[in-house]
Amino acid sequence: MKYILYIFSLLVGHLSLMAVDYDSEFTKMGFVDVQSLDSTIQVDLKYSSTDNFMGINMYGDLYKAYLRPEIAKMVVNAQKYLKDINPEYTLVIYDAARPLSAQRMMYEKVQGTKFSKYVAKPAKGGGYHNYGCAVDVTILHNGQPIDMGAGFDEFSTISHINNEQYNLKIGKLSQEAYNNRQILRKVMKKAGFDTYRCEWWHFQHYTKKYMRSHFKSIDF
């Protein structure tokens, strides 16, 4: 019975997300559609599909990558830096601003699983994505993601950035993947982003204290 109620609550939450006018809600908060600033940046929101670690669509009909204006401009700058390295490269955004409604669904879904430590608690305001201050990205070449040694949402030590040299040494990470991660971090850090040690694809800005004291979480 508890399982049925749990599935029902997820379904209700999903249907409510499907009814959200994302353009209106994000615009009211002053957020920016990244592609409106640079249409060469690709967007493939993984949580608007089943191609994620949970295997369910958490975002409903959200297909645009919204961010705080200054964060969106940083992504645009990172794209420019990447094009300077290789004009055939382009950034693709896998996740951007995330409503707390989706965060709550996500948090409930992972309780009691090995993924729980990777999902911020919505009761505490959530994480960087819930303020539009984080972006998940990788690099495309000729429309295909380049080798990073681990896929998006692959929550294991191979996705960590603080042990890459060791994984390279023991052969768990190829030289190509290692070099590609370096390129991605180079352009993102040059644009002003900070890294997150457990996820090679995640980049954020501001300290958590500053973010929570100066901005509102995306609570719809």
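A. The arrangement of the pattern of salt bridges in detail. As enumerated under the stated definition, the model contains nine salt bridges in all. Asp44 is the salt-bridge partner of Lys46, the closest N and O atoms lying 2.9 Å from each other. One salt bridge in this structure joins Asp51 and Lys46, with 2.8 Å as the shortest N-O distance. Overall, the relative accessible area of 10% leaves Lys46 in the buried class. Among the charged side chains, a salt-bridge network with shared partners connects Asp44, Lys46 and Asp51.

B. The packing of aromatic side chains, seen in detail. Under the counting rule described, the total for this entry stands at 18 aromatic pairs. Relative to Phe155, the ring of Phe53 has its centre 5.0 Å away and its plane inclined at 85°; by these criteria the two rings are edge-to-face. In this pair, Phe53 sits in the loop between β2 (42-43) and β3 (66-67) while Phe155 sits in the loop between β6 (144-145) and α6 (164-169), placing the two residues 102 residues apart along the sequence. Each member of the pair Phe53 and Phe155 is classed as buried. Summarising the aromatic geometry, the rings of Tyr118 and Phe155 are spaced 4.4 Å apart at their centres and angled 25° between planes, so their arrangement reads as stacked. Of the two residues, Tyr118 is situated in the loop between α5 (100-110) and β5 (134-141) and Phe155 in the loop between β6 and α6; the sequence distance between them amounts to 37 residues. Here Tyr118 matches Phe155 in class, with each residue buried. Linked through ring pairs, Tyr47, Phe53, Tyr59, Tyr94, Phe115, Tyr118, Phe152, Phe155, Trp200 and Trp201 together constitute an aromatic cluster. Above the face of the Phe215 ring, Arg68 is positioned so that its terminal group lies 3.7 Å from the ring centre. The residue whose ring lies beneath Lys190 is Tyr81, and the NZ or CZ to ring-centre distance is 4.5 Å.

C. Main features of helix α4 (residues 69-85). The end-to-end C-alpha distance of α4, which contains 17 residues, comes to 25 Å, matching closely the 24 Å that a straight helix rising 1.5 Å per residue would cover. Those residues of α4 lying buried are Ile71, Ala72, Met74, Val75, Val76, Ala78, Gln79 and Leu82.

Reading the values: rules and limits
- Residues numbered from 1 in each chain as written.
- Predicted model: local features only at pLDDT ≥ 70, side-chain atom pairs only at ≥ 80, totals over all residues.
- Heavy atoms only, no water.
- Salt bridge = Lys/Arg side-chain N within 4 Å of Asp/Glu carboxyl O.
- Buried < 20%, exposed > 50% of the residue type's maximum accessible area, 1.4 Å probe, protein only.
- Phe/Tyr/Trp six-rings, centres within 6.5 Å; stacked < 30°, edge-to-face > 60°.
- Helix = DSSP H or I, 4+ residues; strand = E, 2+ residues; numbered from the N terminus.
- Lys NZ or Arg CZ within 6 Å of the ring centre and 35° of its normal.
- Expected span 1.5 Å × (residues − 1).

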